[in-house]
Amino acid sequence: MSSDLFIAIFTSTIVAATPLVYAALGELVVERAGVLNLGVEGMMLIGALAAFAVNASTGHTGLAYMAAALAAALLALLFAILTLSLQANQVATGLALTLFGLGLSAFLGRNLAGMPAVTLQPLALPWLRDLPLIGPLLFRFDAAVYGSLLLYWAISHFLRNTRAGLRLRAVGESATVAHSLGQPVMRIRYAATLFGGLTSGLAGAYLSTALTPMWVEGMSSGRGWIALALVVFATWRPARVLLGAYLFGGMTVLQLHSQALGLHVPSEALSMLPYIATIVVLVLICRNPKTILLNQPASLGRNFHPDA
Amino acid sequence: MLKWPLRLEKRAVPSGSLRLTAPLLAVLAMVITGFVVFSLLGQAPLQALKLFFITPLTTVYGLGELLLKATPLVLCALGLALGFRANVWNIGAEGQLTLGALCSGGVALFWAPALGNLALPLALVAGTAGGMAWAAIPAWLRTRFNTSEILVSLMLVYIAQLWLVMMLHGSWRDPDGFNFPQSRAFADGLLLPLLWEGQRANWAVWFTLVLALMSWLFSSQLFAGYRMLVSGEAPAAAAYAGFSERWTIWLALLISGGCAGLAGACEVLGPIGRLQTTISPGYGFAAIIVAFVGRLHPVGIVLAGLLMSLLYLGGENVQLELQLPSAMTGLFQGTLLFYLLAADLFINFRLPLASTPKVRP
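Residues numbered from 1 in each chain as written. Chains lettered and ligands numbered in written order. Predicted model: local features only at pLDDT ≥ 70, side-chain atom pairs only at ≥ 80, totals over all residues. Heavy atoms only, no water.

1. Considering the overall build of chain B
Secondary structure summary: chain B contains 15 helices and two strands in total. Computed over the C-alpha atoms, the radius of gyration of chain B is 22 Å, within 12% of the 21 Å expected from 2.2 N^0.38 for a compact globule of 361 residues. With respect to the three principal axes, the spread of C-alpha positions in chain B is 80 × 60 × 40 Å. The 361 residues of chain B split such that 55% are buried. Across chain B, every contact between residues at least 6 apart in sequence was considered, and the portion connecting residues at least 24 apart equals 76%. Split by element, the accessible area of chain B, about 16,200 Å² in all, is 67% carbon and sulfur. Charge centroids of chain B, computed over 20 positive and 14 negative side chains, lie 16 Å from each other. (Helix = DSSP H or I, 4+ residues; strand = E, 2+ residues; numbered from the N terminus. Rg over C-alpha atoms; globule rule 2.2 N^0.38 Å. Buried < 20%, exposed > 50% of the residue type's maximum accessible area, 1.4 Å probe, protein only. Contact = heavy atoms within 4.5 Å. Areas by Shrake-Rupley, 256 points an atom, 1.4 Å probe, with all protein chains shown as cover. Lys, Arg positive; Asp, Glu negative; His and termini not counted. Charge placed at Lys NZ, Arg CZ, Asp CG, Glu CD.)

Written out as structure tokens, the structure is:
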């Protein structure tokens, strides 16, 4: 393999993995607080649409990312109100959120399909980007890629080393016990859910401004669900989310480079790979019931209400 | 700031009357939302609502379309509801539907001459079996390897759709079809007979009604159905009684997969009449909403299926008449489910601010 091809595969893997990193890290925080939000796909789509719309009309990518985070967080707020305040079933509400996000984004984005947009540009890192091999390999990404690594660092630091992170984990393990110890369970779960919405929005924004800079109905094509699977794959640990996301990123770009790699398989078969890999990975992780039992937040998906 | 503003009081017994009125409340809220959305879009709201909800039903053809679109929704939802009641979350009905279409289409394309009169029934059976086989994958993985059936069944949706596209770009493509990714049209004798002339609804309606009846019998009259219900409502009690969890999961997934597969078969052997890259406009996902709005009960599901079908027709109609996007349908569907989930709060809780607490001696 020539070094050019290697660089191309490596960088496109990182880029393809970035939305997964954002979405899965956010969902990890949500689940560590004991909330299972299956609406990642819907929030990603709303984020992608908001980012695209702002980007196409103002040409300002920073603003586009903010709009995406805000729009998706609004959807997460809806989920939080329904499941936390109104005690709706989390699985059903998450599904509803995905279906709603799909419908709403298709509806609002009806006039945006086919519009040109500004692509997120690589960060201008003086002289670092000109280093031989390392430059093109590591220092020619856009800001969002570096942002995802920063997010990873912040989340693992938050969960492991801060008091607030400990409280969040306590709420996820047992909401009742945390409540009886005087922890504001509702407030913590609201905050975690909103944070998950925010990052899903950023994931969507990356789709429609960097990965495929355009708006297409349902353009996340299951990435939100793959992010959910990644959290299980990672046994709720941030470092493994990162690893998993890059593995999946590699899987999705295989199709782009299949010609250069000399693979003669129908493109649809290659497109199936990430989905098949998700299933295989889930089987490998869940095969041992103890892995899940020991790592899954104990009150994941269970509703809690201080009055009930 | 996010201090709990709403005080809830758990009802001693879930309210039965609200269980039935909650869907009606949700529909009402959806129509009101529609009123607001149409106004915001600069349409005369009442006129638009009439075009959306009433006009499609004023012709015989329209009524046929209502039944035609309700059939796959109800078929999928009947199976899904059985699983949801047992806490088995098959959300991949869309994939099982696609595989059902693929299998029945394969029979119709390649074995029809050899099978003669049996071709149509066997194509239907093949579709059902295909859907079952596709649902057996999450069932096996869940019972054997403890993987989430939610994620597996959903991943299989994408795989099934890509598989169908792959076949239609490959050996199943119509040789005289100008390279369109679609198969040859099936022979006339292979299509399901129409209910009556001048519209498109076919015998699939009868299958659906029979299955709705069977589903009611199963869940309310048979011990097997009772066991599934207990597994969903009280897993610990089910385990104590010795009801097998594996058995529940397998049964729920096989039945829902079979129903979805049959729905897919009826689509290609009915209105579509060939294989093409998109078989359904998301019936498998909309069926999740149908199942919930129908209270997971066969009668409710039939009614909810008709309503959801009307949402598709209404969406098409306002697109045609008012040049509004047909994505309105998805918007209405999502909102409806949200309102229902919110309204469900009042089944189990009450807001004490409405009544002063009674003090008993």
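2. A look at the interface of chain B and chain A
Of the residues lining the interface, 43 residues belong to chain B; the matching set on chain A comes to 49 residues. Here chain B and chain A share an interface that buries about 4,200 Å² over both sides, 85% of which is from carbon and sulfur atoms. Between the two partners, chain B and chain A, sit one residue pair in polar contact (both at pLDDT 80 or more). Those elements that provide at least two residues to the side of chain B that touches chain A are helix H6 (119-145), helix H7 (149-169), helix H12 (283-293) and helix H14 (328-343) of chain B. (Buried area = accessible area lost by both parts, 1.4 Å probe. Polar contact = N/O pair within 3.5 Å; in protein donor to acceptor, adjacent residues only side chain to side chain.)

3. Thoughts on the environment of B:Gly189
Its place among the elements puts B:Gly189 in the loop between H7 and helix H8 (204-221). Expressed as a C-alpha distance, the spacing of B:Gly189 and B:Ala112, which sit 77 residues apart in the sequence, is 9.5 Å.

4. Things to note about the nonpolar core
Residues A:Trp225, B:Phe38, B:Leu269 and B:Leu275 are the most contacted members of the largest nonpolar core, which totals 205 residues. Contact partners of B:Leu275, with chain neighbours within four places excluded, come to B:Ala101, B:Leu102, B:Gly105, B:Gly106, B:Leu109, B:Leu164, B:Leu168, B:Trp172, B:Gln182, B:Ser183, B:Phe186 and B:Val268. One finds B:Leu82, B:Val88, B:Ala139 and B:Ala224 within the second-largest nonpolar core, a separate group that totals eleven residues. (Core = buried A, V, L, I, M, F, W, Y, C linked by side-chain atoms within 4.5 Å.)

5. Points about the pattern of salt bridges
Residue and element names in this part refer to chain B. The tally for this structure, following the rule as stated, stands at six salt bridges over all chains. Close ionic contact of Glu-245 with Arg-142 constitutes a salt bridge, the shortest N to O distance being 3.2 Å. In this pair, Glu-245 sits in helix H11 (residues 245-272) while Arg-142 sits in helix H6, placing the two residues 103 residues apart along the sequence. Given a relative accessible area of 52%, Glu-245 falls into the exposed group. (Salt bridge = Lys/Arg side-chain N within 4 Å of Asp/Glu carboxyl O.)

6. Structural notes on a nonpolar patch on the surface
Residues and elements named next belong to chain B. Residues Leu-25, Leu-28, Ile-32, Phe-35, Val-36, Leu-40 and Leu-46 make up a contiguous nonpolar surface patch of about 720 Å² in total accessible area. Counting residues per element, the nonpolar patch draws most heavily on helix H1 (residues 16-40), which supplies six residues. Along the chain, Leu-40 turns up in helix H1. (Patch = residues over 30% accessible without salt bridge, like charges linked within 9 Å, V, L, I, M, F, W, Y side chains within 5 Å.)

7. A word on H6(B)
For H6(B), which comprises 27 residues, the first-to-last C-alpha distance of 38 Å matches the rise-based estimate of 39 Å (1.5 Å per residue) to within 8%. A maximum bend of about 25 degrees is found in H6(B) at B:Ala136, where proline B:Pro138 lies one to four positions downstream. (Expected span 1.5 Å × (residues − 1). Bend = angle between axes of the 7 residues up to and from the residue.)

8. Considerations on the packing of helix H7 (residues 163-173) of chain A against helix H9 (residues 185-211) of chain A
Residues and elements named next belong to chain A. In the contact formed by H7 and H9, the axes pass within 10 Å of each other and the chain directions differ by 105 degrees. Taken together, the axes of H7 and H9 are roughly perpendicular relative to one another. Residue-level inspection shows Arg-167, Leu-168 and Val-171 of H7 in contact with H9, the latter providing Val-185, Ile-188, Arg-189 and Ala-192. Residues that form the contact of H7 with H9 fall into these classes: five nonpolar, no polar and two charged. (Axes fitted to C-alpha atoms, helices over the stretch in contact; angles between N-to-C directions. Parallel < 35°, antiparallel > 145°, perpendicular 65-115°, else oblique. Nonpolar A, V, L, I, M, F, W, Y, C, P; charged D, E, K, R; others polar.)

9. Examining the packing of aromatic side chains
All names here are of chain B. Evaluated as defined, the whole model comprises 18 aromatic pairs over all chains. Centre to centre, the rings of Phe-38 and Phe-332 are 6.3 Å apart; their planes meet at 45 degrees, and the pair counts as tilted. Residue Phe-38 is located in helix H1, and its partner Phe-332 is located in helix H14; the two are separated by 294 residues in the primary sequence. Phe-332 carries the same exposure label as Phe-38, and that label is buried. With centroids separated by 5.4 Å and ring planes inclined at 85 degrees, the aromatic side chains of Trp-140 and Phe-145 adopt a geometry described as edge-to-face. Among the residues examined, Trp-140 registers a relative accessible area of 45% and is labelled partly exposed. Among the residues examined, Phe-145 registers a relative accessible area of 12% and is labelled buried. What links up through ring pairs into an aromatic cluster is the set Phe-38, Phe-52, Phe-53 and Phe-332. (Phe/Tyr/Trp six-rings, centres within 6.5 Å; stacked < 30°, edge-to-face > 60°.)

10. Topic: the packing of helix H6 (residues 143-161) of chain A against H9(A)
Residue and element names in this part refer to chain A. Packing of H6 against H9 leaves a shortest axis separation of 11 Å and a crossing angle of 160 degrees. In this view, H6 runs roughly antiparallel relative to H9, as classed from their interaxial angle. Regarding H6 and H9, the two cross each other, and that crossing is left-handed. Within the contact between the two elements, H6 uses Ala-144, Val-145, Leu-151 and Ile-155 and H9 uses Phe-195, Thr-199 and Tyr-206. (Left-handed = near helix turned anticlockwise from the far one by under 90°.)

11. A few points about the side chain of B:Ser256
Residues and elements named next belong to chain B. Looking at the element boundaries, Ser-256 is found in helix H11. Since its relative accessible area comes to 2%, Ser-256 is described here as buried. Within the local environment of Ser-256, its side chain forms a polar contact with the backbone oxygen of Ala-252, the two atoms lying 2.8 Å apart. Apart from the residues lying within four places of it in its own chain, the contact partners of Ser-256 are Gly-79, Leu-80, Asn-90 and Gln-96.

By themselves, these are just geometric observations and shouldn't be taken as functional.
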